[in-house]
Each structure stands twice: as structure tokens, then as C-alpha cells.
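Residue-level listing of the chains:
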Amino acid sequence: MKFNIVVDSSCDLRKLETSSEDIGFSHVPLSIIVGNDIFVDDENLDTSDMIDKIYSYKGKTGTACPSPEAWYNKFMMADEIIAITITGSLSGSYNSACLAKTMVLEKHPDKKIHVIDSLSTGPEMSLIAKKAAELAASGKDFYGVCSELEEYRKSTHLLFVLKSLENLAKNGRVSKAVAKVAGILNIQVVGIASSEGTLKLLSQCRGASKTYAKIIEEIKQRGYKGGKIILTHCLNEKAAEALKTLFIEALGASNIDVMPSSGLCCYYAEKGGLLIGFEA
Ligand code: X90
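As the structure is a computational prediction, the values presented were derived from the model and not from experiment. (Residues numbered from 1 in each chain as written. Predicted model: local features only at pLDDT ≥ 70, side-chain atom pairs only at ≥ 80, totals over all residues. Heavy atoms only, no water.)

Asker: What exactly am I supposed to notice about the packing of aromatic side chains here?
Answerer: Pairs of aromatic rings are described using the distance from one ring centre to the other and the angle between the two planes. The full count for this structure, using the stated rule, is five aromatic pairs. Here the aromatic rings of Phe3 and Phe142 are separated by 6.0 Å at their centres, their planes lie at 55°, and the arrangement is tilted. Here Phe3 is found in strand β1 (residues 3-8), whereas its partner Phe142 is found in helix α5 (residues 142-153), with 139 residues between them in sequence. For the pair shown, Phe3 and Phe142 are each scored as buried. An angle of 45° between the planes, with centres 5.9 Å apart, marks the rings of Trp71 and Phe75 as tilted. Here the residue Trp71 and the residue Phe75 both occupy positions in helix α2 (residues 68-75), the gap between them amounting to four residues, near one helical turn. (Phe/Tyr/Trp six-rings, centres within 6.5 Å; stacked < 30°, edge-to-face > 60°. Helix = DSSP H or I, 4+ residues; strand = E, 2+ residues; numbered from the N terminus. Buried < 20%, exposed > 50% of the residue type's maximum accessible area, 1.4 Å probe, protein only.)

The following block contains the structure:
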């Protein structure tokens, strides 16, 4: 394999069609820890079973980022590598990938490795990975691909709709005060991945129609012009399909993929959570 696109498993895509066998797509899993159970976020994960165990478990739960070795093994599979990680502001995955890059280049200085901090996660990472596959197939040289991908990343966004911020707060990814707001019945929090790669809350909405109106407003405000949208959900296909219909009607969107969220995103977005990656 000449080119490998390597993502950590917070990226919801489990498969990526590439135009040739020279371009690969690999995952490096994060893990979700529930007492003595460790759920590896790969294609064998049963998300629904994991969610049940999380909600019935009374003790501490958490997550762990991939080790440098896990990234290293995927980097060794190709000559040119683009790695895309979940935001380095909230996870050690980016650091692990950078360490792996150093380890590989020490032994194999001829390999080319570029690590991208997505400053985001889930469906925005999926958009970036898809773009990477497209660029890799375009015949541009490695550095051309990297710089175009960095430009593309600046044009994508991640919106989220969450019913609970409990797991985020318990693991120190948002403040407890912020999390309290979302604990109130029927309140959904709409937020966005900030340019620093942290969670930025935009508003609290009561009821689905207000929430959906807010989402449309926020997407329009960011200059949406009919680009790709990837919508992922944590065990909430009904809401995801309803939103898809709304995106077609209210935004004139025509290129929308709906898929289940990765295990890692499900843990933090919690049951019912929705994540929307879009091109502006
Ligand atoms: O290293 C680890 O253990 C992983 C830690 C990940 C922490 C945050 C994950 C957030 C997942 C929640 C809504 C979208 C947030 C966007 C943030 C930039 C999904």
C-alpha cells in the first residue's frame, strides 16, 4: 500500500471506498471503560449493549486514547500517511499519533507522515477522511495533498445536539456548571466544536421544533451553500432521519449521509445525541 489514511475510532466511518488498492483506510481504536469491562471502539462493538452497561453501572466510567504503538502499526503499512485525530484539546490521541510519527521516522526517514488535529471529532473527521481519499487519488504529490486537506479542514464544522452532558462533565471535558443546564427535562443543548477544539455551547432549547430551528439557523449562519453533510446519531435514527428531511427542505441539501455514531462519540454524546458535520 502506498498511501494510508489513518483515523482514530472517534471518526464514525468504518469503511471508506478508495479508488485504488494503493490507498488504504485504517482505524486506531479508543476504548470505553465501564468498571472491569473495556469496550474497544472497533467494527465489533455493540453500541447498544455498551450504552445499556454504561447506564446500569453505578461506578466511574471513562475513555482511553490509542497508544503511540497502535498508531505506529498503521503508519508502518504504507509509505505516505495522513493521520486524522480527535481534537487534541480533549484527548491524548493527537499526542500519541505525533509520538508514533517520530518513532516511525527515526527508523524509516523516507516515509512521509502528516498528522492532522481535526479540532473536532465524529462526522467532521469523516468529511476530512473522505476528502483525504479524494485528494490522494487526484495524483497530487504528498505535500500538495496535505496542504489542500489543511485548507479543507478550515471550511468544515461540527454541530451537536445533546440531551445530557453528564459523561462529558464527569470526565472533565466540560465544566460541571455548564453540564447542569442540560440535565433539565426536555432541554437539549445545541453546540459547536470551537476553533480551539473544545465544546462551545450555543443555546439551550426546549422541544424538538425549537432545537431543529436553531440548528438550521446555525448552519446557515456559517455560510452553508449546499455542501456535504454527515449526520450521526447515538441510537436515535428517527431524529436523524427527521433532521435529514429538514436539511433537504430548509437548506436545499442533497448530499447527506446518516450513520450511527462511533462508540467513543456515543459515550460522550449519550443516548439520543446527534452530531452534524458539514461543509460551509
Ligand atoms: O482520549 C480520550 O479518552 C477521549 C476523550 C474525548 C473527549 C470528548 C469527546 C466528545 C465527543 C461530543 C460532542 C461533540 C464535541 C465536539 C468537541 C470538539 C462528542
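Asker: Looking at this structure, how should I read the site of the ligand?
Answerer: Around the ligand, a shell composed of 18 residues is seen, among which Thr63, Cys65, Leu90, Ser91 and Arg173 lie nearest. Here an oxygen atom of the ligand sits 2.6 Å away from a polar atom, N or O, in the side chain of Thr63. One of the side-chain N or O atoms of Ser91 is found 2.7 Å from an oxygen atom in the ligand. Bound to the protein, the ligand loses 99% of the 550 Å² it would expose on its own. Of all elements in the fold, only β5 (61-64) and β8 (156-162) reach the threshold of two or more residues within the shell around the ligand. (Near = heavy atom within 4 Å. Polar contact = N/O pair within 3.5 Å; in protein donor to acceptor, adjacent residues only side chain to side chain. Areas by Shrake-Rupley, 256 points an atom, 1.4 Å probe, with all protein chains shown as cover.)

Asker: What should I look at first to understand the sheet that holds β5 in this one?
Answerer: Backbone hydrogen bonds are what pair the strands of a sheet, in a parallel or an antiparallel way. Within the open sheet, the three strands sit side by side as β4-β3-β5. Their pairing is antiparallel. At either end of the open sheet lies a strand with only one pairing partner, and these are β4 (37-40) and β5. Adjacent strand axes in the sheet meet at a mean angle of 20° when their direction is disregarded. Of the strand pairs in this sheet, strand β3 (residues 31-34) and β4 are connected by four bridges, and their pairing is antiparallel. Residue pairing for β4: Ser31 is matched across the bridge by Val40. (Pairing = 2+ DSSP bridges. Axes fitted to C-alpha atoms, helices over the stretch in contact; angles between N-to-C directions.)

Asker: What's the story with helix α9 (residues 237-251) in this structure? I'm lost.
Answerer: Turn by turn, an α-helix covers 3.6 residues, leaving residues three or four places apart pointing in a common direction. Taking 1.5 Å as the rise per residue, α9 with 15 residues should run 21 Å; its terminal C-alpha atoms sit 20 Å apart, in good agreement. Of the positions making up α9, those classed as buried are Ala239, Ala240, Leu243, Phe247 and Leu251. The buried side chains of α9 occupy one side of the element, clustering within an arc of 95° when seen end-on. When the buried face of α9 is taken as reference, the exposed residues oriented beyond 90 degrees from it are Lys238 and Glu249. On the buried face of α9, the contacting elements are α8 (208-221), β11 (229-233), β12 (256-260) and β13 (274-279). Within two residues after α9, Gly252 carries a phi angle of roughly 65°, on the positive side. (Expected span 1.5 Å × (residues − 1). Arc of directions from axis to C-beta. Contact = heavy atoms within 4.5 Å.)

Asker: Quick question: what am I supposed to make of the pattern of salt bridges here?
Answerer: Opposite charge on two side chains makes pairing possible when the charged atoms of those side chains draw close. Going through the model one piece at a time under the given rule, you end up with 14 salt bridges. Linking Glu166 and Lys170 is a salt bridge whose minimum nitrogen-to-oxygen distance equals 3.1 Å. Of the two residues, Glu166 and Lys170 both sit in helix α6 (residues 166-170), four residues apart, roughly one turn of that helix. On the basis of relative accessible area, Glu166 is assigned to the partly exposed category, the value being 44%. (Salt bridge = Lys/Arg side-chain N within 4 Å of Asp/Glu carboxyl O.)

Take it as geometry only, folks, not as evidence of what the structure does.
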